[in-house]
Amino acid sequence: MKSKKRVDSVSQKNDSVISQGRGKKAATVGELVRVQMRVSEQSDSRIRRALLRIAAGQLGRRAESMVLPLELLQQLKASDFPNPAAYEAWQRRNLKLLEAGLLLYPHVPLEKDDNAPRRLQQIVRSGMEKSLDTGKVSESMQNLRTVVMTLSSRSFDGSAAEICHWADGFPLNLWIYQMLLEACFDVNDDTLLIEEVDEVLELVKKTWVILGMNQILHNLCFLWILFHRYVATGQVESDLLFAANNLILEVQKDAKVNKDNEYCKYLSSILSAILGWAEKRLLAYRDNFHSGNTELMESVVSLAVLSAKILVDDISNEYRKKRKDADVTHERVETYIKSSMRAAFSQASPPLKSFKRSGNQNNPTPVLSTLAQDISELAFNEKAIISPLLKKWHPLPAGVAVATFHFCFGKELKHFVSSTSELSPVAIKVLRAADKLERDLVQIAVEDAVDSEDGGKSIIQAMPPYEAEAVIANLVKSWIKTRVDTLKGWVDRNLQQEVWSPQANKERFAPSAVEVLRMVDETIEAFFLLPIPTHSTLLPELITGLDKCLQSYISKAKSGCGARNTFIPAMPALTRCTTGSKFGVFRKKDKTQTLQRRKGQVGTTNVDDSFGVPQLCVRMNSLHHIRSSLDGLEKRTATHLKNSESTQLDIITENGTGKRFDLSASACIEGVQQLSESTGYKVIFQDLSHALWDGLYIGEISGSRIESFLQELEQYLEIISSTVHDRVRTRVITDVMRASFDGFLLVLLAGGPSRTFTMQDSRIIEEDFKSLVDLFWSNGDGLPSDLIEKFSTRVESILPLFRADTENLVERFKSGILENYGASVKSRFPLPPTSGVWNPSEPNTLLRVLCNRNDELASKFLKKTYNLPKKL
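Numbering of residues starts from 1 in each chain and follows the order in which that chain's sequence is written. Per-residue local features are limited, in this predicted model, to residues with pLDDT of at least 70; the limit for side-chain atom pairs, both in listing and counting, is 80 or more; totals at the level of whole chains, interfaces and linings are taken over all residues. Processing note: side-chain calculations cover all non-hydrogen atoms of the structure and skip hydrogens and water entirely.

1. A look at the overall build of the chain
Helix and strand assignments follow DSSP, with helices taken as H or I runs no shorter than four residues and strands as E runs no shorter than two, numbered in order from the N terminus. Within the chain, the regular secondary structure consists of 37 helices and 0 strands. Only protein chains enter the accessibility calculation, which uses a 1.4 Å probe; a residue is then buried when its area is under 20% of its type maximum, exposed when over 50%, and partly exposed in between. Across the 872 residues of the chain, 50% fall into the buried class. Carbon together with sulfur atoms contributes 51% to the accessible area of the chain, which is approximately 42,300 Å² in total. Note on areas: Shrake-Rupley, 1.4 Å probe, and residue coverage restricted to the protein chains presented here.

Listed below in structure tokens is the structure:
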């Protein structure tokens, strides 16, 4: 701002933003500034004399080529002051000013290896302790002058500067300049600018060259002075705010061209303060503005929006990359509207809070009905007074306001409905009032959006309707959720206590399975007793919830039971045989003790274990029982639906959609499959590991054959047959058979260095496998022959390898390697990976037969080809 005329042109609000009660006019502008800055005549006279001496002693030098505090220190003596204490205080202030301008906020950054800053710091510290001798020829003054001129004459390019930089460091220069700008305000009335503001500003601007100021920095400082003065003086002189609002437009232009880091920091600081103050008033603007001060509100909104736009568009590059230009204004104003409407709603609803505390739901004049009427009046008032003003920055201010009211009331309505278990006179009155309020709000939104691009569609979409049918549906959904949550909680609690005991009942399934089905059946029956006309519409939601509860039961029933890979032991590293040695005979005693120790545990282990074989059978029985009962549940549901008052959506009864327990039905099937497989592999690889993995063919083969394993396995098969349901029995025993075949192969091919086989042992191995197969055939009383054949084929394809001669095995192995890897590996065979799928032509399978082949040729081949050790 250049003058009072500029103030008038910036504000355009009043002809007088000036003082109206000062005393006699000052003779000069300098004298006026002295008075405005509250500088005494004695101090002013003293400084003038010193400046005259400086000018006389340095003719031709410009002020900016001198360091004024330094010159004043030399020119003024103790005799110029009323007492020594005043002189010492003045001297310390000037030293502090030199410290601030040259050390704390230097124009050119200090260099680490420059000792001048340290010397000046020492001089300043010394001056703080005792008065400096500032005589022209004194050593202390010469030292001070040398170091001050050294520091002030530095430039960015290293050359000696023509201008002394002692007061133009950032932000010291701005602080000093703001103090000078304060002279524009009347000392007798700090809300008014003086008449001579133009002249004072012209004089103040003469400091620009020393302070490193320019028009851009002046605009920013004067903006802050005007705004800060308005706030600090109680926000009574709105012309100050109008002027600041106009000046921020200049700052916005400046910000687009000035990207200096220091300027942006200070700009950000000032605008953040302005924005914070403005938003504090705008986030609840109905508390601060009304029909009598809309102009003031317009200025505050403008300040907030412009501050936010400058901060985002011209300072925050990262934000600008992500957002469109129009977003800032639109989003800010929308935030003010929403926040203010929420505040207004909160102020209008204290009776509602008292009503909630009392818990009286039978009030003949429901509080929500009264609140709906009050909100309607507020909405029409907002539309008439505030929305036209905000239209300048937002296309749909009234629409946003009513959408916010709609949302706030909707929350309260939802709370009311959630505490209402049935339709009552109170509920009807509230719903009617809500319906009228909604029609009023929609009408305002539609009228506000007449000229908008989408005709207000976006606002209307943000206002989900308060339909009685929807409310009833929500009440029923709440009922459904409560019942489903209760059932889910029951499932969680009871399955933690379920012991899965075969003795619980004669059907050998868990009591919890019976109970969960009973609760589901009762919930469906209770649903059809509800006095609503929309059973068919809401039935799918109920069935889905109950289906998920059953699915949860099924999931927990099989949880923790393991899977196939849980029980299969890790394969030991490959080794080769020590030819001619059957070292296992020396461990025969230990092995026998192990078998004796574990054999007695068959059929009695896991008595208190919820994951024992009998308990796993009960789990399968329970899932089978649930699956078998689902058909009956679905039929009873269809009957209820036909008998209900609802005749809508009859298609539900035709195709079954919405009344079927699809998730739990498939979960039962998958659960039985998983539990069956887990049972099979648990029996073989965990419960019978001592007889199979730790016992079969350890050491001397003839003394460690399969008989003991078959005896114990037969006991487990009897337990399974007597416990598991008839419809599940074949699957479970099949999985046990499959696991036993896998275990037999694992012993032969990955049994580790404790097992060695000769060609002659193949007969024993084949006999043992036949015995294993016969156990499951059981003279025709066991599994079907085609089922046994399906799973035994792979084992039978591997067994001939054990009677093949070693030379043949080696050649077949080499051929397999070359076929898989090509001729390039002929000089060095790669170690074939373990796939886990055994095959007589697969190199890894052949290699494992060779590893356990007890002859010298196999051992030498493995030593030469892979350098395999003889033991782990």
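2. Focus: the pattern of salt bridges
Between Lys or Arg on one side and Asp or Glu on the other, a salt bridge is scored when a side-chain nitrogen of the former is within 4 Å of a carboxyl oxygen of the latter. Following the criterion strictly, the structure yields 38 salt bridges and no others. In this structure, E31 engages R34 in a salt bridge whose closest nitrogen and oxygen atoms are separated by 2.6 Å. You can see E31 and its partner R34 sitting in helix 2 (residues 29-36), 3 residues apart, about one turn around the helix. Residue classification places E31 among the partly exposed positions, given a relative accessible area of 22%. A salt bridge links R286 to E382, with the shortest nitrogen-to-oxygen separation between them at 2.7 Å.

3. A closer look at the side chain of E382
Topologically, E382 is positioned in helix 18 (residues 367-385). Note on E382: relative accessible area 1%, which makes it buried. A distance of 2.4 Å separates a polar atom in the side chain of E382 from a polar atom in the side chain of Y285. Pairs of residues are marked as contacts when any of their non-hydrogen atoms sit within 4.5 Å. When sequence neighbours within four positions are dropped, the list of residues in contact with E382 reads Y285, R286, M341, S387, P388 and A401. Two N or O atoms form a polar contact when they lie within 3.5 Å of each other; inside protein one atom must be a possible hydrogen donor and the other a possible acceptor, and for residues adjacent in sequence the pair counts only when both atoms belong to side chains.

4. A closer look at unusual backbone geometry
Residues F170 and P171 are joined by a peptide bond in cis, for which omega reads 5°. Assignment of secondary structure puts P171 in the loop between helix 7 (139-152) and helix 8 (172-181). Phi at R508 takes a positive value of approximately 60°, unusual for a residue other than glycine. The phi torsion at N867 lies on the positive side, around 55°, for a residue other than glycine. Within the secondary structure, N867 is located in the segment after helix 37 (856-866).

5. A short note on the packing of aromatic side chains
Each Phe, Tyr or Trp ring (for Trp, its six-membered ring) is paired with any other whose centre lies within 6.5 Å, and the angle between the two planes then decides the class: stacked below 30 degrees, edge-to-face above 60, tilted in between. Within this structure, the stated rule accounts for 21 aromatic pairs. Between F757 and F802, the aromatic rings sit 5.7 Å apart at their centres with planes inclined by 90°, giving edge-to-face as the arrangement. Of this pair, F757 sits in the loop between helix 32 (726-750) and helix 33 (762-777) while F802 sits in the loop between helix 34 (785-798) and helix 35 (806-821), placing them 45 residues apart in sequence. On the basis of relative accessibility, which here comes to 2%, the residue F802 falls in the buried class. Consider the rings of F813 and F861, whose centres lie 5.9 Å apart with planes at 80°: the pair is edge-to-face. Of the two residues, F813 is situated in helix 35 and F861 in helix 37; the sequence distance between them amounts to 48 residues.

6. A closer look at the environment of T134
As for its placement among the helices and strands, T134 is situated in the loop between helix 6 (116-129) and helix 7. We classify T134 as buried; its relative accessible area is 3%. The sequence separation of T134 and R145 amounts to 11 residues, and the corresponding C-alpha distance is 9.9 Å. When neighbours within four sequence positions are excluded, T134 is seen to be in contact with L73, Q74, L76, K77, Y87, Q91 and M141. Of note is the side chain of T134, whose polar atom sits 3.1 Å from the backbone oxygen of L73.

7. Some points on the nonpolar core
Buried together is how nonpolar side chains tend to be arranged in soluble globular proteins. Formed by 136 residues in total, the largest nonpolar core has its most connected members in L120, L144, V148, Y285, L390, F405 and F409. The leading source of residues in this core is helix 14 (residues 294-315), at 12 residues. When residues no more than four places from it in sequence are discounted, the contact partners of L390 are Y285, M297, V301, V333, I337 and P397. Here the nonpolar core consists of buried residues drawn from Ala, Val, Leu, Ile, Met, Phe, Trp, Tyr and Cys, with membership extended through side-chain atoms lying within 4.5 Å. In terms of nonpolar packing, the next biggest core, distinct from the first, is built from 117 residues, A510, I532, L630 and F661 among them.

8. Regarding the packing of helix 25 (residues 535-558) against helix 28 (residues 613-643)
To characterise two packed helices, one gives the angle between the axes of the helices and the distance between these axes. At their nearest, the axes of helix 25 and helix 28 sit 11 Å apart, and the two run at 175° to each other. Our classification of the angle between helix 25 and helix 28 gives roughly antiparallel. Between helix 25, through S536, L539, I543, L550, Y553, I554, K556, A557 and K558, and helix 28, the contact on the second element is made entirely by R619, S622, L623, I626, L630, T637 and L641. Looking at the contact of helix 25 with helix 28, its residues break down into 10 nonpolar, 3 polar and 3 charged. Angles shown run from 0 to 180 degrees and are taken between the N-to-C directions of axes, each axis being a line fitted to C-alpha atoms and, for helices, limited to the stretch in contact. An angle counts as roughly parallel when it lies under 35 degrees, as roughly antiparallel when it exceeds 145, as roughly perpendicular when it falls between 65 and 115, and as oblique in every other case. Charged residues are taken to be Asp, Glu, Lys and Arg, nonpolar residues to be Ala, Val, Leu, Ile, Met, Phe, Trp, Tyr, Cys and Pro, and polar residues to be all remaining types, Gly included.

9. Let's talk about the confidence of the model for the chain
Parts of the model with low pLDDT should not have their predicted coordinates read in detail. The predictor reports its confidence for every residue as pLDDT, a score running from 0 up to 100. The predicted model of the chain has a mean per-residue pLDDT of 85, with 87% of residues at 70 or higher. Every residue in residues 1-23 scores below 50 in pLDDT, and together they form 68 contacts with partners more than four places removed in sequence or on other chains. Confidence drops under pLDDT 50 across residues 647-655; counting only partners more than four residues distant or on other chains, this segment forms 13 contacts.

10. Re helix 32
The length a helix should cover is 1.5 Å for every residue beyond the first. Counted at 1.5 Å a residue, the expected span for helix 32 with its 25 residues is 36 Å, and the 36 Å between its end C-alpha atoms agrees. The element helix 32 is extensively covered by neighbouring structure, given that 19 of its 25 residues are classed as buried. G752 lies just past helix 32 and shows a positive phi near 85°.

11. With respect to the packing of helix 5 (residues 84-104) against helix 6
One can describe the packing of helix 5 onto helix 6 by two numbers: an axis separation of 10 Å at closest approach and a directional angle of 160°. In terms of orientation, helix 5 lies roughly antiparallel with respect to helix 6. Seen along the crossing, helix 5 lies across helix 6 with a hand that is left-handed. Mapping the contact onto sequence places R92, L95, K96, L98, E99, L102 and L103 in helix 5 and P117, L120, Q121, V124, G127 and M128 in helix 6. Among the residues forming the contact of helix 5 with helix 6, the class breakdown is 8 nonpolar, 2 polar and 3 charged. By definition, turning the near helix anticlockwise from the far helix through less than a right angle yields a left-handed crossing, and turning it clockwise yields a right-handed one.

12. Regarding the side chain of N293
Tracing the chain through its elements places N293 in the loop between helix 13 (261-282) and helix 14. Within the structure, N293 has its side chain in polar contact with the backbone oxygen of N288 (distance 3.2 Å).

13. Looking at a nonpolar patch on the surface
Patch membership needs two things, relative accessible area over 30% and no salt bridge, and members are linked within 9 Å if like-charged or within 5 Å if nonpolar (Val, Leu, Ile, Met, Phe, Trp, Tyr). Taken together, the side chains of M37, V39 and M179 make up a nonpolar region of the molecular surface, amounting to roughly 250 Å² of accessible area. With respect to the secondary-structure elements, M179 resides in helix 8. Here M179 falls in the exposed class, since its relative accessible area comes to 55%.

14. Remarks on the environment of V516
Here V516 is to be found in helix 24 (residues 511-528). Looking at V516, the relative accessible area reads 0%, which means it is buried. The sequence separation of V516 and V491 amounts to 25 residues, and the corresponding C-alpha distance is 7.5 Å. Here V516 is in contact with L487, W490, V491, L550 and Y553, once residues within four sequence places are set aside.

15. Things to note about helix 36 (residues 843-851)
The α-helix advances 3.6 residues per turn, and as a result positions three or four apart in sequence lie on the same side. Of all 9 residues in helix 36, 9 are buried; the element is thus mostly enclosed. Considered for burial, the residues of helix 36 that qualify are P843, N844, T845, L846, L847, R848, V849, L850 and C851. Close packing links the buried residues of helix 36 with helix 32, helix 34, helix 35 and helix 37.

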